Each structure stands twice: as C-alpha cells, then as structure tokens.
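Coordinate analysis (summary)
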Amino acid sequence: MQPLTDQLLHCALPDLPLPAALHPRWLAEGVLQLMPENARRAVVVSAGIHGNETAPIELLLELLAAISAGSLRPDAALLLVFGNLPAMRANRRYLHHDMNRLFGGRHRTAPRSHEATRAAELEAVTTAFFDHPGTPAGDRWHLDMHTAIRGSLYPQFALVPYHTHPYSPAFFDLLAAAELDAVVQHTQAGGTFSHFVSEQFQAQSVTLELGKARPFGQNDLPQFAPTGRAIRALITGAALPARQKPPVRHFTVAESLIKTSEHFTLNLPDAAENFTCLPPGYEIAAQPDRRWIVSDTARHILFPNAGVATGLRAGLLLAPGAPHLSLPE
C-alpha cells in the first residue's frame with residue numbers, strides 16, 4: 001500500500017479500513033466524520049488549510065492511521081479535515097487566495113476561486129457535523145493546525161480567535177499539555193476557520209502554529225509529539241499529559257498592520273523571527289496614509305509579511321497579557 005501521504009497527494013482519499021462502530025463517513029473529499037455511540041464531546045481537527053504547511057498534515061495522517069489500526073479508540077464525535085488538497089498537491093500555500101481569510105461567509109464576496117468554493121464547502125460540512133443527532137452539543141472543540149512562514153522565538157504557539165462566549169480552563173490546560181510555548185489572544189473578528197467555528201458553534205476553537213513550514217518528509221515530527229498526545233487525550237477522554245516546559249507565555253493582539261497601499265514598507269530584516277521584541281518608538285511599518293510606531297507596551301511582532309495582498313494583514317503587534325476565558329461584546 002502507498003504511504004498515506006502519497007495517497008492523500010495522489011488519490012482522492014486515504015485508503016484505510018475504519019472501525020464500523022465509528023460509523024465512518026466521508027462528507028467531502030478529505031473530510032472524514034467519525035461518530036461513536038454515546039460520544040462524550042465533539043472535536044474537529046483540521047490541517048492543510050494552507051497547503052504547504054506539511055507537519056500538521058502528517059500529524060493528522062498519523063491520527064487517522066492509529067484510528068484505523070485500532071490503537072486509538074475515540075469516544076468523541078470527530079471531524080477530520082484535510083483543508084486545501086489542490087494546494088497540498090502543488091506544494092503551495094494556496095492556489096488563488098488565502099483560504100484562511102475567507103471563512104464566516106467572506107467567500108461569498110471573494111473573487112471566484114478554488115479556495116472560495118472550498119471555504120464554503122468546509123463551512124457546510126462543519127455545520128452538518130455539529131447538527132448531527134449523535135454530536136454532543138455542550139462540549140465542542142476545534143484544533144486547526146498550521147505552521148508559520150518565519151522562524152519564531154516561541155516555536156509552537158496558539159492563536160485564540162476573538163470570542164464572546166466562555167473559553168474554559170480545560171481549554172488552556174490542553175494548550176499547556178500540548179507543550180505550546182505561547183498563546184496569543186485575538187481582539188477582533190477574522191476570516192479564519194478557527195474564528196468561524198468559535199463564533200458559529202460556541203466551540204473552544206484555536207489555531208495551532210506548530211513550528212516552521214517545511215516540505216513533506218522534512219519535518220521533525222517527534223518535536224510535535226506532545227501536541228499529538230494532547231489531541232489523543234482530548235478525543236479519548238484520557239488524562240492530559242503533564243507539561244515538561246516552563247509556563248506558557250500569554251500575549252494579546254494590540255494592533256494589526258493592515259496593508260492598504262502598494263507602497264507599504266515593513267522595517268524588519270527578512271530573518272526577523274516571530275515574537276521579536278522591538279524598541280519603543282521604532283517605526284515598524286509605513287504607507288502613505290499612516291505610520292506604525294512601537295509603543296511601550298505592544299513591542300512584539302507576529303507574522304510580519306510585507307508581501308501580502310493589499311487589504312490583508314501584514315503583521316500584528318502584541319502586548320503581554322493573561323489568558324482570556326471570555327471577552328465582552
């Protein structure tokens with residue numbers, strides 16, 4: 001049998017036997033629903049929303065293989081999502097548009113593209129999953145796994161979408177058990193998959209950034225093993241593994257650098273890493289209608305990228321902060 005990665009990249013679906021007791025059903029290409037009897041919680045695990053972010057895709061394939069082999073027996077309703085399959089097969093972040101900016105209905109006003117169509121499809125299948133009679137309503141989770149373009153002073157971190165419903169202490173316990181180095185809290189609504197699931201289904205939803213984007217076969221997967229163990233505990237109801245690292249660092253987004261001009265400049269070297277701490281008063285970016293100056297409190301830069309399309313985020317300025325169990329309207 002071909003390795004699962006080859007199957008996913010060259011075939012429609014991984015060819016694996018799945019336990020009948022889980023009532024497996026492919027809801028769309030690359031979207032598998034597993035529905036055990038008397039499920040304790042509902043969990044969506046997604047990867048490959050950006051096609052060249054390969055380590056999470058390999059982690060999700062490992063999870064699927066363990067379920068197929070019977071070594072992992074979920075007691076949660078599961079939706080496993082391989083996001084942008086054509087981009088995976090082309091080894092590209094996306095083919096036409098960044099799909100992780102098109103959720104929450106934004107695909108309806110985006111130019112026609114594969115990513116807009118797929119975002120609409122993923123919204124529909126996620127809705128069908130949470131509406132399924134066998135899906136528990138009171139304990140909903142979503143882990144959307146990514147990798148970052150740049151290196152990072154905190155290599156593995158979480159992005160919690162803006163939310164007005166409660167996020168539980170158990171959610172932050174999971175992030176700690178996954179050995180994440182940092183957690184960043186968004187303060188504005190966005191077009192990400194994790195924000196859509198959080199907002200629409202009142203789920204404990206999060207984007208996980210697991211190291212740097214590398215080609216298939218070049219990932220050091222053992223470094224992500226703690227995340228894999230935490231996910232397995234979540235979907236089987238087992239105790240979370242004990243954290244071995246120093247405490248998680250928490251940050252809050254203070255300001256977004258939105259590129260509105262082709263004359264946008266970002267005053268950072270190409271090698272600057274995520275979470276780099278900048279001096280107060282430093283001009284981090286500029287365009288004809290404004291300049292961004294680093295303040296005394298929001299000194300850390302995340303996702304700096306001057307090459308994004310006009311209208312998109314070219315970076316985030318972060319301030320240290322505490323975990324948010326909920327945010328006001």
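Residues numbered from 1 in each chain as written. Predicted model: local features only at pLDDT ≥ 70, side-chain atom pairs only at ≥ 80, totals over all residues. Heavy atoms only, no water.

Observations regarding the sheet that holds strand β13 (residues 290–293)
Rule in force here: We call two strands paired when DSSP finds no fewer than two bridges between them. Each helix is a run of DSSP H or I of at least 4 residues and each strand a run of E of at least 2, with the numbering of both proceeding from the N terminus.
Ordered by their spatial adjacency, three strands build an open sheet running β10-β12-β13, and the pairing between neighbours is antiparallel. The sheet terminates laterally at β10 (265–266) and β13, the two strands that pair on one side only.

Quick word on the domain arrangement of the chain
How large an interface is tends to be reported as the accessible area lost when its parts come together. The test is simple: Marked domain ranges trace back to an automatic or database domain assignment. By convention, the term buried area covers the 1.4 Å-probe accessible surface removed from two parts as they join, with the contributions of both added. In what follows, salt bridge is the name for a side-chain nitrogen of Lys or Arg lying within 4 Å of a carboxyl oxygen of Asp or Glu. Under the convention adopted here, Pro, Cys and the residues Ala, Val, Leu, Ile, Met, Phe, Trp and Tyr are nonpolar, Asp, Glu, Lys and Arg are charged, and Gly plus all remaining residues are polar.
When cut into domains, the chain gives domain 1 (1–236) and domain 2 (255–316). Roughly 1200 Å² of surface becomes buried between domain 1 and domain 2 when both sides are summed, with 60% attributable to carbon and sulfur atoms. For the interface between domain 1 and domain 2, the tally reads zero salt bridges. Of all the secondary-structure elements, those providing two or more residues to the side of domain 1 that touches domain 2 are β6 (156–160) and β7 (182–185). For the side of domain 1 that touches domain 2, the per-class residue count stands at eight nonpolar, four polar and three charged.

What to know about the layout of surface pockets
The condition is simple: Method remark: on a 1 Å grid restricted to protein atoms, a set of points is classed as a cavity if a 1.4 Å probe fits but cannot get out and as a pocket if it is open with protein on both sides within 12 Å along at least five of seven lines; lining residues have an atom within 4 Å of a point. Grid points are joined across faces, edges and corners, and a volume is the space filled by probe spheres set on the points.
The computed volume of the largest pocket comes to approximately 880 Å³. Arg93, Asp98, Arg101, Phe303 and Arg313 are, among the 42 residues lining the largest pocket, the residues nearest its centre. Those elements that provide at least two residues to the lining of the largest pocket are β5 (140–148), α6 (193–201), β8 (204–212), β9 (249–258) and β15 (313–320). Partitioning the lining of the largest pocket into residue classes produces 15 nonpolar, 18 polar and nine charged. Each of domain 1 (1–236) and domain 2 (255–316) gives at least three residues to the lining of the largest pocket. Taken as a whole, the second largest pocket encloses approximately 150 Å³ of empty space. Every residue lining the second largest pocket is counted, 13 residues in all, and those nearest its centre are Pro155, Gly211, Lys212, Arg214 and Gln223. Per-element accounting of the lining of the second largest pocket gives the leading share, three residues, to β8. Along the lines of polarity and charge, the residues of the lining of the second largest pocket split into four nonpolar, five polar and four charged.

Some details on the pairing of strand β12 (residues 283–287)
Put simply, the test is: Buried means the residue's accessible area, taken with a 1.4 Å probe over protein chains only, is under 20% of the maximum for its type, while exposed means over 50%, and partly exposed covers the values in between.
Extensive coverage of β12 is indicated by the burial of four of its five residues. Where β10 and β12 come together, two bridges link them in antiparallel fashion. Each residue of the ladder has a partner; that of Leu266, found in β12, is Ala285. Linkage of β12 to β13, two consecutive antiparallel strands, is achieved through a turn of two residues.

Here we look at the side chain of Thr227
Stated formally: In this analysis, two residues are considered to be in contact whenever any of their non-hydrogen atoms come within 4.5 Å of each other.
Inspection of the secondary structure assignment puts Thr227 in helix α7 (residues 225–236). In contact with Thr227, not counting residues within four places along its chain, are Gln156, Ala178, Leu180, Leu208 and Leu210.

Observations concerning the pairing of β13
Where β12 lies against β13, four bridges are found, and the strand directions are antiparallel. When the sheet's bridge partners are listed, Ala285 is paired in β13 with Trp292.

Describing the nonpolar core
Condition: The set of buried Ala, Val, Leu, Ile, Met, Phe, Trp, Tyr and Cys residues whose side-chain atoms join them within 4.5 Å is what this entry labels a nonpolar core.
One finds Leu80, Met145, Leu175 and Leu208 to be the most contacted residues of the largest nonpolar core, which totals 49 residues. It is helix α2 (residues 54–69) that contributes the most residues to this core, nine residues altogether. Contact partners of Leu175, with chain neighbours within four places excluded, come to Ala158, Leu180, Val183, Val206, Leu208 and Arg243.

Description of α7
For clarity, the cut-off: Working rule for helices: expected span equals 1.5 Å times residues minus one.
A rise of 1.5 Å per residue sets the reference length of α7, with its 12 residues, at 16 Å; its end C-alpha atoms lie 16 Å apart and thus fit the reference within 8%. Residues Pro226, Thr227, Ala230, Ile231, Ala233, Leu234 and Ile235 constitute the buried set of α7. Remark: Gly237 follows α7 within two positions and exhibits a positive phi of approximately 80°.

Quick notes on the packing of aromatic side chains
Formally: Each Phe, Tyr or Trp ring (for Trp, its six-membered ring) is paired with any other whose centre lies within 6.5 Å, and the angle between the two planes then decides the class: stacked below 30 degrees, edge-to-face above 60, tilted in between.
This structure, assessed with the given rule, holds 14 aromatic pairs. A centroid spacing of 6.3 Å and a plane angle of 35° characterise the contact between Trp141 and Phe171, whose relative ring orientation is tilted. Of this pair, Trp141 sits in strand β5 while Phe171 sits in helix α5 (residues 169–177), and the two are 30 residues apart along the sequence. Phe171 shares its class with Trp141; the two are buried. By way of ring pairs, the aromatic residues Phe103, Phe129, Phe130, Phe193, Phe196 and Phe201 are connected into one cluster.

Structural notes on the packing of helix α4 (residues 114–131) against α6
To be explicit about the condition: The angle between two axes is taken between their N-to-C directions and runs from 0 to 180 degrees, where each axis is a line fitted to C-alpha atoms and a helix contributes only its stretch in contact. Each crossing gets its handedness from the near helix: less than a right angle anticlockwise from the far helix is left-handed, clockwise is right-handed.
Following both chains from N to C, one finds α4 and α6 inclined at 40°, their axes separated by 12 Å at the closest point. Considering the relative orientation of α4 and α6, their crossing is right-handed. On α6, the residues touching Glu123, Thr126, Thr127 and Phe130 of α4 are Phe193, Phe196, Val197 and Phe201. Broken down by class, the residue content of the contact of α4 with α6 amounts to five nonpolar, two polar and one charged.

Topic: unusual backbone geometry
Residue His23 is not a glycine yet carries a positive backbone phi of 50°. Relative to the helices and strands, His23 resides in the loop between α1 (4–10) and β1 (25–28). Given a relative accessible area of 42%, His23 falls into the partly exposed group. A positive phi angle is found at Phe275, which is not glycine, with a value near 75°. With respect to the helices, strands and loops of the structure, Phe275 is situated in the loop between β10 and β11 (276–277).

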